[in-house]
Structure formats: C-alpha cells, structure tokens
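Structural overview for review
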2 protein chains.
Amino acid sequence: MRRFVAKNSKYLQFIARSFSSSSLESSSGLFPQVTLQTINPKVLKCEFAVRGAIVTHAMRLQEQLKQNPGSLPFDEIVVCNMGNPQSLGQQPITFFREVLALCGLPSFLDRSEAQKLFSADSIERARQILDQIPGRTTGGYSHTQGIKGLRETIAYGIEERDGFPSNANDIYLTDGASPGVHIMMQLLLRSELDGILCPIPHYPLYSASIALHGGTLVPYCLDEATGWGLEISEIKSQLEAARSKGVTVRALVVINPGNPTGQVLSEENQQQIVELCKKEGIVLLADEVYQENVYVPDKKFQSFKKIARSMGYQEKDIPLVSFQAVSEGYYGECEKRGGYMEVTGFSADIAEQIYKVASINSCNSNITGQILTSLVMSPPKVGDESYEVYSAEKKGILSSLARRALTLEDAFNSLEGVTCNKVEGAMYLFPRIHLPQKAIKAAESEHIAPDAFYAFRLLKETGIAVIPGTGFGQVPGTWHIRCTILLQETKIPAIVKRISDFHKKFMDEFRG
Amino acid sequence: MRRFVAKNSKYLQFIARSFSSSSLESSSGLFPQVTLQTINPKVLKCEFAVRGAIVTHAMRLQEQLKQNPGSLPFDEIVVCNMGNPQSLGQQPITFFREVLALCGLPSFLDRSEAQKLFSADSIERARQILDQIPGRTTGGYSHTQGIKGLRETIAYGIEERDGFPSNANDIYLTDGASPGVHIMMQLLLRSELDGILCPIPHYPLYSASIALHGGTLVPYCLDEATGWGLEISEIKSQLEAARSKGVTVRALVVINPGNPTGQVLSEENQQQIVELCKKEGIVLLADEVYQENVYVPDKKFQSFKKIARSMGYQEKDIPLVSFQAVSEGYYGECEKRGGYMEVTGFSADIAEQIYKVASINSCNSNITGQILTSLVMSPPKVGDESYEVYSAEKKGILSSLARRALTLEDAFNSLEGVTCNKVEGAMYLFPRIHLPQKAIKAAESEHIAPDAFYAFRLLKETGIAVIPGTGFGQVPGTWHIRCTILLQETKIPAIVKRISDFHKKFMDEFRG
C-alpha cells in the first residue's frame, strides 16, 4: 500500500498496532457465552497437524525474524511442512496464467496491445472459455456443479486420460479437493457407528473430516517395509474388526499417489481394492490429486475409474468418487482453489442429495479455479503456439522434482537411524526416525510425542519446519516426519547440511 | 472450444452424448450400498430453496429452449430467482478487474504494452498487493485466515467505515459468506438442544446450515405490516419459548439489509438487538453482505460492531461475527467467491478452535477472492487515476438499482391481491400474494405449497423464475415470492407486462 501509506499516516499507525498483538487475549470469566465446555465436542476432538502447533510456531518465529533480525540462530524459516510449490519459488505455467487473466478482461481480447502481450492461443482459449460461460462473464454465479461447458472440457480430458466415458453431469467443480471430501463424509456418516477405512499414515483431512462429521475412522496400516504397500489382507481384517464392534463401514479412502507416503499403487493392487469395495458394498473414495506427480519410470498413474471399467465394472456396479485439485501436479496453483470430484455409481435420488449439500455449502469452485481446472485437464496440444513453452515448463518442473526427491531420499537415508522409502510420486518424503530411548523419555517429560519433540527441536535450532508423523497416524512405536520435496534445488545442499548437522547433534545428545 | 472441435470430431460426439442424459438413472436395487435410508438423516432433512426444485425446473426449460427453440410459450428464461447481477448484464468494476488480472501476471507490470492497456493506478495497486503476498506469487497457499497484508487493508477499511478499531487477526477471508456461517454453526451447535434465533423470513443458508449441523432453528417473525420490522418483544418471547423447551439459544442471526425482505434496520433497533444479545449471553451473527446496497436517502447502513462500540461495549462484552461478501454490493462478483468474517469477542482458546475448523475446511478464500475483498474494502480514492471511472460505474449501478427497485415495487403493488414492502436495501422484492382459496385448494391437490404452485405456474407460462416464500419461511397462511431487482432496466417493462398478464389470468382462473 505504498502510495496509500504516503497519503495516510493513520494507516501506518494502524499497521504498527496490528503487529503488536491479537485483540483476542486469553481470559477466564470474561467471555462466558462461548467456552471450550460449551462448544461442539466434535470440533474439540478433531486435529489437523498440517496447520497445527508446529506451523503456528514457525509463523511466530518468522514474525520474530522480521521484527528482530538476528535474534535467532538462523535467518529464515524453511517451509518444508506443506506442498506449496510456488511459495518455494516454482514458477506458474505461463499459458494457464495468461488465459486466466484474459477471461477476466473480455474487452481486451480484440485490442492490439493485448495481442502483443499474450500468446495467440491464450487469447483464442480465453474466447472459447467465455463462449462456454452463460453471459460471457466471469462474475456470475454458476451452476452448483460448476459451468457446464467447463465440466464438459474436463470430462473430455478424463476420457482422453482413461479411455473410458466420463459425463459432465457427474463432475462437481470444487475449491480444491477438501469440499468434495467433506460433502461425502457429511452424506455417509450418520453417527459414530458409521466408519470410514483410512490408510495409516494419511493426509489428515480425512481423519479431521470424519471427526468433524461424527463418524469413526477405521484405520488400515500401510506396510513401510514394502514401500508403504497396501495389503488387502490388512484392510479385510480391519473391516472385520470394525464390523465386530458394530461399526458399519461406509467407504474406503485410498490416496494414490500417496500422501504423506509417496508410493504409487500397482495395477494389481488397485484391482484388489476395487474388487474388495465391490464385494463388501463400500464406497471407494479415491484421492487422485497427485495424478501428475509420478517420478519413477516403472510406475504410472492410473485412475480407479479406469481400473474398475477395465475390470468390466460399470457405473451401477461400484460407487466411486475421484478427487482432483489444481494445487498439485506440475502447476501447483494452490491458492487458486480449483479442483473437481467425479461422482459415479450413485442412484439419482442420492445424486440429488449430493447436489443439495453442494448447493448449501456453496462448494462450487470460484470461477478462476473452475477455468484453471479445465485448463489443467486440457492443456495446450502439439501444434498450438504455446505448446513448446508449456511443454518445457512442465518437463522442467517434473524432472526437477524427480531429482530433488532422489537427493533428499539419499540425504535422509544417510542419517544415523533414519530410513526413507522411495518417493515414487506426490510431493513428500516420510522418513522414519529411529529415536533413541533417551529422546523418547525427554519427549514424554515434555508431554509431547517423540516425533513432535524432534520436529520442534529441528525448527528451533535450524528454522526448518516439518510435520511430525503423529499428525498423519503411524504404527505405534514408530516415529516419522513429513518433509516436502519442493525445496529450491539450489538451496537443497545447504538445507541438507543443516538437517545433517542438527541430526548428528541430536543423536549425540540422546544416543544414551 | 472452437479450434479444438475443428481438430477433433471425437469431442463433438462426446458433447452430443453429454447432452443426452445424466449417467445417473433412477433405479431401485441397483445401488444397494448407499440409499436414502442409509445416508445421514440431517442431509435428508435440510432444504435450500434458492437452488431447489423451481431452479432445477428452470434450468431444464432453458435446456429445452436451447435444444428445441419454439417449443415453449416464451423464448427465454428470466432468472429472477437469485442475486446474480453480472449474469443479468451488470458490468464489472473496471479497476477491480484490471488489478486482478495484473496480480496473476507479475512479469507484465513493467512492460510498456501493459502500461497502454491498464490504468496506472491499477498497475501500482497490483504491485502493492504483490508486495503484501509472501513470495509475491498468487499461486501459493496463504495463511488459514488469508494473506495478512490483505487482512490489514480490509481491517483498515472497516475502521474507516466504522470509526472504531478493527484487527487483521480477527479477520478470516472466506469464499463468500457461506463458509464463515458454516464454521460458526459447526462451532456452536452440539445437538438439537442448541438453538439459533433466525428471522422469518430469511435467506435459507441459515436454516440449511443449522439443519446440517444438527441444531434447532428458533424462529422470530419479522413484521410485514411495519416494513418487515424486527420487534424485540417477538425475539424475547421466542427466546423464552425455546428455553422453556430445554433449548439453549447460542446465537441470534440478523440480516441487515434484509434478505429476502429488503429492510434496513434503524440505529435504535440495532441497539436493542445488541442489548438483548449482551443481556442474554448469546452470540450475534450479523449478515452484512448487502452493506453497500441501500437505496433510500433516509436510511444508511451501520455495522453492528459500530453500534456495539458506540454503546460503549468493548470486545470482551459481546461475541459478534460480521459477514461480508464480494457477491453483493455494486461489484456483484459472485463467482469470484470472496468475502470475510470479522470475529470479535471470543476468548483465545475459542479463537484457536475457530482457526482449526477454518483450516480443516480449507475455508480461506481463493486468492482472487482475497484480493478482490481487499479492493472492495479499499476502492480508488479521490485523486487516483481510476477514481472518476470507478465512481461513475459505482454510482451508475447503485442509482439504477434504486430505480429498478421502485419500478418493480410499483408493478407488484398494482397487481390484484398483491402487497409489496419498500425495498430499502439488498437485492430483492418479497411481495405478498393474497392467493384465492381456489388456488390454495388446487395447490393442495398437487401436494405443493400454494406459493410454489403460483411460482411454478409463472415459470411454466412466462419463463420467469422466482422463489416461493415457503423457501424462506413465512407467517403461516401468508404466501410470498422472492424476485430480484437486478433485471436489466430496458427489459423491465416487458417483464412487468408478462407478470401482470400472467397474474390477471391466474386470478381470473382461481378468483372463485
């Protein structure tokens, strides 16, 4: 607000005050209307580590560095705690950004200056998209599921990807993947006697959403020893155990590629999962947001819908929801909040209920997110003016991510007592830290989980923020951290050194 | 997708198929896993008329007109059922759109072609906004509450508006107003023994959200005879009645200016409400999304926070949440999904729970919505290059809305058996239709509410879509419709004629 400030010294005073402290001081007795004892206990119960205590502490340290440079043993916070590519320096895909800007300014499309600034195919694509929007405006409310024409483009993209039909009427354009997940939980969970099978470890959106909507999480453990393998026998035994306690299992969550675990499922494994859901009458909720993020040549992403249809199962045979978002992939447009869920295999009356909840939640994505989702599912093609630039940008990002994953894997595996599975896909490493007993005892005396103890130490001593494994669930007695692979390549050697030095010091202190 | 289509005839076949029908056919027995009997009964229970049956039917007719022109007694659907200004031809505010486009394309800011296309202050403002965003990128995740710098701009705008302090830490940037409302309901409602006082009639987001989160709606009726007056005695008696049934009333919802009722509250009335909430220990949820939409010279919008602070009540005295959105006002940028809630008067531990739920819901607005909310709360000022254009656009829109409100009020009041209160603010008329007994009987025999019967008839005969009053709640035995004032001015005479002709015919048929 530079010019604004120059004009208005009140704004400066205002900013100074807003840095001083929150207006919400802790106080007892002052706020009797709403207390922890009188709010919804489901709210109290749920946890969301990826924006939890360690992240709050990191933000506090960042503020401290800004206000008081030199007051900490490091000069910047290294944000390894979330998949936030562009905040770590990744550049956006030019074509996508140009089309988005032009869609908001229809009057520019015919101006000669615009033709000098923008590529010809971004102008053309913006025109096509505006033609798909009723009233050719990006300012109007759209259909609850999102603009029909954009959903058609996306459905076509899914068909091209899978080789099986997709219907625009089955697609809900959502603000990222979360609103779709919440809708499905809201729909399926009646009480704590309804359960959802969830991988352990898993991205905590699922546990939080299940807790918030009052259901029961039925955990199935991924096998770290086999590269976070998903064993059908484990799912079956957990399903039986839940049923024996009177829990009706309504759905199975699979995250592929895995978050935080980074594995890419094999076709055979996916077939087993489909078969199980079919046989047991449970809904398959497929988190496929990392579908573009596969880094190993021997694996490739295949959607669960493709797998199910390849097995001969049709729409009516299996209820299946696939989630996709624009925050991931090579595009990483996190705060654009775009994505879709493709909902298949539900009867018309249930589809009507899903539509109703989506309407009430105003869950449909903002228009920028809607347009971007359509672009992501129909990027420039060979022969388009932007194709070469687009293709080079995409390849550059994905190959760099693959290199970074390898470097960081090696770095973690070289640390004493640390083992790290291969990052086949997604955006994270999830190394296991074999913590010494003395460290575990020290954590206990501070009443925090041992991996949180480790992560807080790492943050306080190096400024590197990671999320403790506890936040994702893990086999009891094992301890992990989640660290993103998105760090800028040029910075990785220095960061690896900081982690190694810290780890050595930590182990020296606690090796016992 | 013109060029795309030319290249790819598969796409044409695809589109043809997607028009044919939904893949979700109604069927019994085929989808045994998820049925109306096995989903969350709260989902079944809630209703949302503004995207309900009549809207679905209108979309169907629109599709029919597209596929089969001339097959209906009208040639277009007139969408009076929602506040969707730009879809009805309202032009966006140029300055806002220019800044939004530029923020997505930082590399353009220094290019000479951009200086020819964009106003100097939009370029400058985009620079200032990018400076406020960590990493200067619109692609990164922001803080759960939204970007701090943008929240500071908004808090400053609130201070300028109210003359009382506002703190960026109290502000949550949300995708429109709905996510904030859902968070507060999620927080406050433990079971059906928790109640929320809601005006009757009211925008059904509130009733739907209360039902979805399992609470009880405690209705208080607005007095149609006194221009939808909000009588404190009525609220008190409903509060007592609820308490006598064992319901703990947690909050009071006030919509000012009113939706669907269009009244603007007097200062005295607002003071009474604040006093009541203070005395009774209930949270005040103030829907203030129409704060820019006041059309009468003798009324002006005043925020509940300003009223409370003017009365000498401080932060600690009263928990108060104000909702604002970019979908309304003179900007009407509905599908940008921007807005904020300002949360004051809660203790730090409760604020932490609100923060957690906001994180889980990923409720923070998309970046376009965040930026736009900051622009709306700090538009161009006198002396800025864009000020004159901005000011003319704003004035043009608001004065036209005032004229349209008057014309439509008069039109409804001239109909037999119809009375319509003054539209002092917001975007709707809510005329009362004194339906003849014969019409009420006919509706009963079709098992629909009499005003829904009227609204369906109107839609089928004229193509004009309005929402029946039943969807908003109304005093038993009274019947209304909600109709937006946003129709294009040039089209209003013809639409009024269609309504008048229909109404006359309807009354002739049912006058009895």
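Residues numbered from 1 in each chain as written. Chains lettered and ligands numbered in written order. Predicted model: local features only at pLDDT ≥ 70, side-chain atom pairs only at ≥ 80, totals over all residues. Heavy atoms only, no water.

Residues and elements named next belong to chain A. Looking at where Thr 261 falls in the secondary structure, it is placed in the loop between strand S5 (248-255) and helix H12 (267-280). Judged by its relative accessible area of 4%, Thr 261 falls in the buried class. With residues up to four places along the chain from it excluded, the contact list for Thr 261 reads Pro 201, Leu 222, Trp 228, Lys 422 and Phe 430. (Helix = DSSP H or I, 4+ residues; strand = E, 2+ residues; numbered from the N terminus. Buried < 20%, exposed > 50% of the residue type's maximum accessible area, 1.4 Å probe, protein only. Contact = heavy atoms within 4.5 Å.)

Residues and elements named next belong to chain A. Burial runs high along strand S6 (residues 283-287): five of the five residues are buried. Of the two faces of S6, the one lined by Val 283, Leu 285 and Asp 287 and the one lined by Leu 284 and Ala 286 are each fully buried. Both S5 and S6 contribute to a ladder of five bridges, which runs parallel. Within the sheet, the bridge partner assigned to Val 253 lies in S6 and is Leu 285. Regarding topology, H12 serves as the crossover connection from S5 to the parallel S6, and that connection is right-handed. Between the parallel elements S6 and strand S7 (residues 320-325), the chain passes through helix H13 (residues 304-310) in a crossover that is right-handed. (Pairing = 2+ DSSP bridges. Right-handed = clockwise from strand over helix to strand, strands pointing away.)

Our focus in this paragraph is the interface of chain A and chain B. Counting residues at the interface gives 135 residues for chain A, matched by 135 residues for chain B. When residues of chain A are sorted by the area they lose upon contact with chain B, Tyr141(A), Tyr156(A) and Glu335(A) head the list and together hold 8% of the total. If you look at where chain A meets chain B, you find zero salt bridges. One can count 37 residue pairs in polar contact (both at pLDDT 80 or more) joining chain A with chain B. (Buried area = accessible area lost by both parts, 1.4 Å probe. Salt bridge = Lys/Arg side-chain N within 4 Å of Asp/Glu carboxyl O. Polar contact = N/O pair within 3.5 Å; in protein donor to acceptor, adjacent residues only side chain to side chain.)

Residue and element names in this part refer to chain B. Spatially, the three strands line up as an open sheet ordered S10-S14-S13, and their pairing is antiparallel. Each edge of the open sheet is held by one strand with a lone partner, namely strand S10 (428-429) and strand S13 (467-468). Pairing geometry for S13 and strand S14 (residues 481-484), over two bridges, is antiparallel. Bridge pairing links Pro 468 to Ile 481 in S14.

Residue and element names in this part refer to chain A. Considering all chains together, one arrives at 50 salt bridges over all chains under this definition. Note that Lys 299 and Glu 424 form a salt bridge whose closest N and O atoms lie 3.0 Å from each other. Of this pair, Lys 299 sits in the loop between S6 and H13 while Glu 424 is found in the loop between strand S9 (418-419) and strand S10 (428-429), placing the two residues 125 residues apart along the sequence. Note on Lys 299: relative accessible area 22%, which makes it partly exposed.

Quick look at the relation of the copies chain A and chain B now. Superposing chain A onto chain B takes a rotation of 180° combined with a translation of 0.0 Å along the rotation axis, leaving an RMSD of 0.0 Å. Considering both components of the superposition, the chain copies are consistent with a two-fold axis. Within chain A, Ala101(A) has its C-alpha nearest the rotation axis, a separation of 2.2 Å. Most of the interface of chain A is mirrored in chain B: 100% of its interface residues are interface residues there too. (Least-squares fit on C-alpha atoms with pLDDT ≥ 70 in both.)

Within the structure shown, the criterion is met by 34 aromatic pairs over all chains. For the ring pair Phe118(A) and Phe108(B), a centre distance of 5.1 Å and an interplane angle of 65° mean the geometry is edge-to-face. Linking Phe118(A) in the loop between helix H6 (112-117) and helix H7 (120-132) with Phe108(B) in the loop between helix H5 (94-103) and helix H6 (112-117), this pair reaches from one chain into another. Comparing Phe118(A) with Phe108(B) shows no difference in burial state: the two are buried. Taken together, the ring pairs connect Phe95(A), Phe96(A), Tyr330(A), Tyr331(A), Tyr387(A) and Tyr390(A) into an aromatic cluster. When the ring centre of Phe108(A) is taken as reference, the NZ or CZ atom of Arg111(A) above it lies at 5.2 Å. (Phe/Tyr/Trp six-rings, centres within 6.5 Å; stacked < 30°, edge-to-face > 60°. Lys NZ or Arg CZ within 6 Å of the ring centre and 35° of its normal.)

Further remarks concern the sheet that holds S5(A). All names here are of chain A. Read across the open sheet, the seven strands follow the order S2-S8-S7-S6-S5-S3-S4; overall the sheet is mixed. Looking at the sheet topology across the chains shown, the edges are occupied by strand S2 (171-173) and strand S4 (216-221). Recorded for the sheet is a direction-independent mean angle of 20° between the axes of neighbouring strands. Along the sheet, H12 makes contact with S5 and S6, crossing S5 at roughly 165°. Sitting on the sheet, helix H14 (residues 348-360) is in contact with S2 and strand S8 (339-344), with an inclination near 5° to S2. (Axes fitted to C-alpha atoms, helices over the stretch in contact; angles between N-to-C directions.)

Attention now moves to the packing of H5(B) against helix H15 (residues 367-376) of chain B. Residues and elements named next belong to chain B. Remark: H5 packs on H15, axes separated minimally by 10 Å, with the N-to-C direction vectors making an angle of 140°. The angle between H5 and H15 falls in the class oblique. Where H5 crosses over H15, the two elements pack in a sense that is right-handed. Contact with H5, carried on its side by Phe 95, Phe 96, Val 99, Leu 100 and Cys 103, involves Thr 368, Ile 371, Leu 372, Leu 375 and Val 376 of H15 and no other residues of that element. (Parallel < 35°, antiparallel > 145°, perpendicular 65-115°, else oblique. Left-handed = near helix turned anticlockwise from the far one by under 90°.)

With respect to the helices and strands, the residue Gln186(B) is situated in helix H9 (residues 178-188). Not counting chain neighbours up to four residues away, the residues in contact with Gln186(B) comprise Asn40(A), Val43(A), Leu212(A), His213(A), His213(B), Val357(B) and Asn361(B).

With respect to burial, H15(B) is a largely interior element, 10 of its 10 residues being buried. Between a side-chain oxygen at the N-terminus of H15(B) and the backbone nitrogen of Thr368(B) the separation is 3.0 Å; the capping residue is Asn366(B).

With that settled, consider the nonpolar core. Leu252(A) and Leu252(B) are the most contacted members of the largest nonpolar core, which has 332 residues in total. Excluding anything up to four places from it in sequence, Leu252(B) contacts Leu197(B), Tyr220(B), Ile235(B), Ile273(B), Leu276(B), Cys277(B), Ile282(B), Val283(B), Leu284(B) and Leu285(B). (Core = buried A, V, L, I, M, F, W, Y, C linked by side-chain atoms within 4.5 Å.)

A word on the pairing of strand S6 (residues 283-287) of chain B. Here S6(B) runs beside strand S7 (residues 320-325) of chain B; their pairing, made up of four bridges, is parallel. Its bridge partner being in S7(B), Leu285(B) is matched across the sheet by Val321(B).

In this section: the environment of Glu267(A). Along the chain, Glu267(A) turns up in helix H12. Of the residues examined, Glu267(A) reaches a relative accessible area of 40% and is grouped as partly exposed.

A separate point is the confidence of the model for chain A. All names here are of chain A. Taken over all residues, the pLDDT of chain A has a mean of 93, while the share at 70 or more is 94%. When the criterion is pLDDT under 50, residues 1-7 qualifies, and its contacts beyond four places in sequence or with other chains add up to 20 contacts. Across the assembled chains, the prediction reports ipTM 0.91 with pTM 0.93. (pLDDT = per-residue confidence, 0-100.)

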